[in-house]
Each structure stands twice: as C-alpha cells, then as structure tokens.
Amino acid sequence: MTHSAVFWALASTDDLPADLNWLSSEETTKLQQFKFPKRRNEWLLGRWVSKKVLMKAMPQISSIPLPQLSIKNEESGAPIALSNGSRLSGMLSLSHREDLATAAWTSQADLRIGIDLEKIEPRSTAFIQDFFTKAEAAQVFSQPSENQALAACLIWSGKEAILKALQTGLRIDTRQVEVAFTELVIKEEDWQPLQIVHSPSSAESQTLSWLLQPPYVITLAEIADCR
Ligand SMILES: CC(C)(COP(=O)(O)OP(=O)(O)OC[C@H]1O[C@@H](n2cnc3c(N)ncnc32)[C@H](O)[C@@H]1OP(=O)(O)O)[C@@H](O)C(=O)NCCC(=O)NCCS
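Remember, predicted model here, so these are calculated numbers, not experimental data.

(A) Molecular detail of the nonpolar core. Within the largest apolar cluster, 30 residues are counted, with the highest numbers of intra-cluster contacts made by F132, L154, I162 and L208. Elements that contribute at least two residues to this core include exactly α3 (125-131), α4 (134-141), α5 (148-165), β9 (192-198), β10 (205-213) and β11 (216-224). Ranked by residues supplied to this core, first place goes to α5 with eleven residues. Here I162 is in contact with V177, V179, I196, S199, L208, A221 and I223, once residues within four sequence places are set aside. In this structure, W22, F34, M58 and L92 belong to the second largest nonpolar core, which totals 27 residues.

Below, the structure is given as structure tokens:
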C-alpha cells in the first residue's frame, strides 16, 4: 500500500539530540510549562518527529534552521507547522506513546490525514463495549484469543486516526466511526488496509491503513475532498 501524497516518519527518544537548540522560542517557552515528565517527553518527541517529517516531505525545509520551524496546536488540539511564523500549507498529524512518536504530513490541499500509534495490549471488555460499535466488538471477540489484543488495538487506532483527520479527536462519540478488517495478516513490512464502514465524513475517498511495528501499530487515515 502506498501513500503517494503522504510522508510519514517515526522517531524514538534515542533519536533526540542531546541539546534543545532545535526548538523554536515558542516551543522552548511551552516546554517549560509541562509539569509531568511523561507529557513533556512525549510532547518533545512529537515536535522532533514532526520536524523530521517536514524535512522529508519538503527538501527546501532542510535548509531552514530547525528553531525557525515551530509545531503548534490549534484550539482543537490539532497540530500545525509554521516556518518563520508563517503556517505551512498542508496538514500535519502526530502521535506519541512512551518512547516512540510518529508524524505524517501532506501538502495536498484536498487531503486530510490522521496518524495514530497504539501499543498492542489487552483492553477490557468494558472498554470495548463502551467505545466500539456492536459490529466492532463482535469482530474482536470472534478472533482467536491470542489475536484479540491486536484486533482491538487496530480498531481503536483506526478510529483515532480518522477522528484526528476530521480534527474532532475524542470530542465525538467513537461509535460514530466504524472500522473493520477483512483478515488479520501479521507481517511487519507493509501497510495493510482497514475498512471504514462508516464515518461522520461524506468525503468521496476515505482510506485507512495500518503498519505493524511490534509492540505497536500505526494507523493512517486519508480523507480526500471533504473541505
Ligand atoms: C486527539 C486525541 C484523539 C489523541 O489522543 P491520544 O491517543 O491520547 O494521543 P496521541 O499521542 O495519539 O495524539 C496526540 C496528538 O494528537 C494531536 N491532536 C490533539 N487534538 C487533535 C485534534 N482535535 N485533531 C487532530 N489531532 C489532534 C496533537 O498533536 C497531540 O499531540 P501534542 O499535544 O503533543 O501536539 C485526543 O487527545 C483528543 O481527542 N483530544 C481532543 C479533546 C481534548 O481533550 N482536548 C484537550 C484540549 S486541546
């Protein structure tokens, strides 16, 4: 599966420079406001992987000193990228979990994207009943027990990726999005498709795919023509 208009990157805390000279002045100020080390570290890694994906997507960005790039959040929480204070045209999405973060960028004006990183770990029946549709819960529970954590993780991550692409996040009922998979192929190299059974968007083209990065999965939602 290819994402011709979408660039993505992955980074771990080991990739972070020893100094913080790569942050913009706004980012340096924001960093000082975090009280909890976990949130501080995730936020920092999110900024690093976002700058990494911008450089990958736009070679001209590589010549800009990193402190002149800034990753901010809109009122909704959605991330935006600025270069010398001017917003770059396109859409950025990011996700962080523990020592890993991923970011995606597209410059394509009619495309909305959302990326999500989730750890494959058991989820309670109560969680699945509260946040999954009946069909999603049935699909998880019909899997052999050893695959149920992966199945639930994929569906949850797929929902979050779509809700990020739509920029609502978890402000709306997660059952407004329904995700399914046709078969659970456990291979690490390739992006594999997930089905969007329904979503709040009426866009012409909505695709969802996932990549296994044990013990995590990454999902990427691409929604075209819905602006
Ligand atoms: C977006 C959301 C689904 C992500 O949840 P998560 O699994 O805990 O965290 P992830 O690491 O996968 O993603 C976090 C990133 O999502 C992005 N994000 C936050 N809100 C977003 C939104 N409405 N749309 C798109 N992306 C959003 C941010 O870049 C955030 O990272 P950052 O704060 O370091 O910049 C969830 O945080 C949410 O619904 N947030 C909106 C509601 C809310 O509580 N807002 C608080 C005030 S901003």
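(B) Seen up close, the packing of aromatic side chains. Overall, the coordinates contain eight aromatic pairs when judged by the stated rule. Ring pairing ties together the aromatic residues F127, F131, F132 and W156, which thus form one cluster. One cation-aromatic arrangement involves K56 over W8; the distance from NZ or CZ to the ring centre is 6.0 Å.

(C) Summary view of the site of the ligand. The environment of the ligand is made up of 19 residues, and the closest members are S95, H96, E160, K164 and L170. Within the side chain of S95, one N or O atom sits 2.7 Å away from an oxygen atom of the ligand. At a separation of 2.7 Å, an oxygen atom of the ligand approaches a polar side-chain atom of H96. Considering the ligand on its own, with 880 Å² of exposed area, one finds that the protein chains cover 70% of that surface. Contributions of two or more residues to the shell around the ligand are made by α2 (37-57), β5 (91-97) and α5. Of the residues that constitute the shell around the ligand, the class distribution is five nonpolar, eight polar and six charged.

The rules behind the values
Residues numbered from 1 in each chain as written. Predicted model: local features only at pLDDT ≥ 70, side-chain atom pairs only at ≥ 80, totals over all residues. Heavy atoms only, no water. Core = buried A, V, L, I, M, F, W, Y, C linked by side-chain atoms within 4.5 Å. Buried < 20%, exposed > 50% of the residue type's maximum accessible area, 1.4 Å probe, protein only. Helix = DSSP H or I, 4+ residues; strand = E, 2+ residues; numbered from the N terminus. Contact = heavy atoms within 4.5 Å. Phe/Tyr/Trp six-rings, centres within 6.5 Å; stacked < 30°, edge-to-face > 60°. Lys NZ or Arg CZ within 6 Å of the ring centre and 35° of its normal. Near = heavy atom within 4 Å. Polar contact = N/O pair within 3.5 Å; in protein donor to acceptor, adjacent residues only side chain to side chain. Areas by Shrake-Rupley, 256 points an atom, 1.4 Å probe, with all protein chains shown as cover. Nonpolar A, V, L, I, M, F, W, Y, C, P; charged D, E, K, R; others polar.

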